[in-house]
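One letter stands for each residue in the lines below.
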Amino acid sequence: MDDTTGSVHKSEEEWRAVLDPQAFAVLRQGATERPWSGEYVSASATGVYRCRACGAELFRSGEKFESHCGWPSFFDPAQSEAVTLHEDGSLGMVRTEVRCAACESHLGHVFYGEGYDTPTDARYCINSVALTLEADDSVQ
């Protein structure tokens, strides 16, 4: 990690060496895991969701909600600067891609105006394989 900017710089070969093939495909190549296949889709533990690639804090369990879409959903990042948003014109439509601000890894997409009863009316639809959960053991 670059101590002055908080960013993580690695070559694709270095990423490939530290990520399993599915995580590499999602985080570094923008793939998507199959719906309902991820370990955090229905997770309800209290804690912090971090980037699987670099460990940066991305989301907190308090912002996670059940959207029934097949991927973990959050209504807001842990910190506004934790993620960056980018226009994604793949698949013949325009979507907003979500990336980790620290290492630029692909996390998923964000959708607005879907009518969920959340404070932001946003659904950050994030691949489980892009995350790790640091559970808060002090809360039972």
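Per chain, the residues get numbers from 1 upward, laid out in the order the sequence is written. Owing to the predicted nature of the model, reporting of local features is limited to residues with pLDDT of at least 70; listing and counting of side-chain atom pairs is limited to 80 or more, with chain, interface and lining totals taken over all residues. Side-chain descriptors were evaluated using all non-hydrogen atoms of the structure, hydrogens and water having been removed beforehand.

As named in an unreviewed UniProt entry, the protein is peptide-methionine (R)-S-oxide reductase, taken from Streptomonospora wellingtoniae. Under the heading Catalytic activity (unreviewed entry), UniProt records this for the protein: "L-methionyl-[protein] + [thioredoxin]-disulfide + H2O = L-methionyl-(R)-S-oxide-[protein] + [thioredoxin]-dithiol". UniProt positions are given in the numbering used here, feature names are shortened, and annotations may be inferred rather than shown by experiment.

With respect to the side chain of Ser-61
By secondary structure assignment, the location of Ser-61 is in the loop between strand E2 (57–60) and strand E3 (64–65). Using a 1.4 Å probe on the protein chains alone, a residue whose accessible area is under 20% of its type maximum counts as buried, one over 50% counts as exposed, and one in between counts as partly exposed. Classification of Ser-61 by relative accessible area gives buried; the value is 18%. Helix and strand definitions here come from DSSP, where helices need a minimum of 4 consecutive H or I residues and strands a minimum of 2 consecutive E residues; each element is numbered from the N-terminal end.

Considering helix H2 (residues 21–29)
Where H2 is concerned, the buried positions are Ala-23, Phe-24, Val-26 and Leu-27. On its buried face, H2 is in contact with helix H1 (12–18) and strand E7 (106–112). Counted as a polar contact is a pair of N or O atoms within 3.5 Å, where, for protein atoms, one must be capable of donating a hydrogen and the other of accepting one, and residues adjacent in sequence contribute only when both atoms are in side chains. At the N-terminal boundary of H2, the capping side chain belongs to Asp-20, with an oxygen 3.0 Å from the backbone nitrogen of Gln-22. The positive-phi residue at the C-terminal boundary of H2 is Gly-30, with phi of around 75°. Here, residues are in contact when the closest pair of their heavy atoms is within 4.5 Å.

Things to note about the environment of Phe-74
Within the element layout of this structure, Phe-74 appears in strand E4 (residues 73–74). When the C-alpha atoms of Phe-74 and Gly-47 are compared, they prove to be 13 Å apart, with 27 residues separating the residues in sequence. Among all residues touching Phe-74, those that are not within four sequence positions of it are Tyr-49, Phe-59, Arg-60, Glu-63, Lys-64, Phe-65, Ala-122, Arg-123, Tyr-124, Ile-126 and Leu-131.

Observations concerning the nonpolar core
Think of a nonpolar core as a cluster: buried Ala, Val, Leu, Ile, Met, Phe, Trp, Tyr and Cys residues, connected wherever their side-chain atoms sit within 4.5 Å. Core analysis: the biggest nonpolar cluster contains 30 residues, and Cys-100, Leu-107 and Tyr-124 have the highest contact counts within it. Per element, the largest residue contribution to this core is 4 residues, and it comes from H2. If sequence neighbours within four positions are ignored, Leu-107 has contacts with Leu-27, Leu-58, Val-83, Val-98, Arg-99, Cys-100, Cys-125, Ile-126, Asn-127 and Ala-130.

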